[in-house]
Amino acid sequence: MHASLKEPVNTNSFSRLRAGRLLGRVHAALGEHSLAVAALDAAMESARSCGMLLSEALTVRERARLGQQQQQAAANHGGGSPHYWDTYTCKQRLAEVMGRMSGGALLERLLAL
């Protein structure tokens, strides 16, 4: 996974973006929330700079999903992580990406939070 992200000859952007999302999930599962957010933000910025709107939307959805899990954990056990977006910000970011896509209504339902 790290090799896919660091390999200078890896020109497959989709592979790098998927690896970034996976790395974010792994860090979140390990409780390394700042690293999870950093990996997801890097994947999101890479998708945005390459014009890969669906990959960007999937990354936004992943960050939103992890944020919702953290909010639920905080409600159940106290604590939580300040690194994730709140629900309003998640929906706003997803709407922003959907606004740049044509056919956004169908994709918005598919990616619904």
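All figures in this text were calculated on a predicted structure; none of them were measured in a lab. (Residues numbered from 1 in each chain as written. Predicted model: local features only at pLDDT ≥ 70, side-chain atom pairs only at ≥ 80, totals over all residues. Heavy atoms only, no water.)

Relative to the 36 Å expected for 25 residues at 1.5 Å per residue, helix α4 (residues 53-77) spans 36 Å between its end C-alpha atoms, a close match to the ideal helical length. Those residues of α4 not exposed but buried are S55, E56, A57, T59, V60, E62, R63, A64, L66, G67 and Q70. Against the buried residues of α4 lie α2 (13-29), α3 (33-50) and α5 (87-100). (Helix = DSSP H or I, 4+ residues; strand = E, 2+ residues; numbered from the N terminus. Expected span 1.5 Å × (residues − 1). Buried < 20%, exposed > 50% of the residue type's maximum accessible area, 1.4 Å probe, protein only. Contact = heavy atoms within 4.5 Å.)

This paragraph deals with the side chain of T59. Take T59: it is sitting in helix α4. Setting aside residues up to four positions removed in sequence, T59 forms contacts with R21, L40, A43 and M44.

Right, let's talk about the environment of R63 for a bit. Examined against the element boundaries, R63 turns out to sit in helix α4. Along the backbone, R63 and D41 are 22 residues apart, and their C-alpha atoms lie at a distance of 8.6 Å. Excluding its chain neighbours within four sequence positions, the residues that come into contact with R63 are V37, L40, D41, M44, H83, Y84 and W85. A polar contact is formed between the side chain of R63 and the side chain of D41, at a distance of 2.5 Å. (Polar contact = N/O pair within 3.5 Å; in protein donor to acceptor, adjacent residues only side chain to side chain.)

Quick look at the environment of R21 now. Checked against the element boundaries, R21 lands in helix α2. Here the alpha-carbon distance between R21 and L58, two residues 37 residues apart in the chain, equals 8.6 Å. If we skip the residues at most four places from it in the chain, R21 touches L40, A43, S55, L58 and T59.

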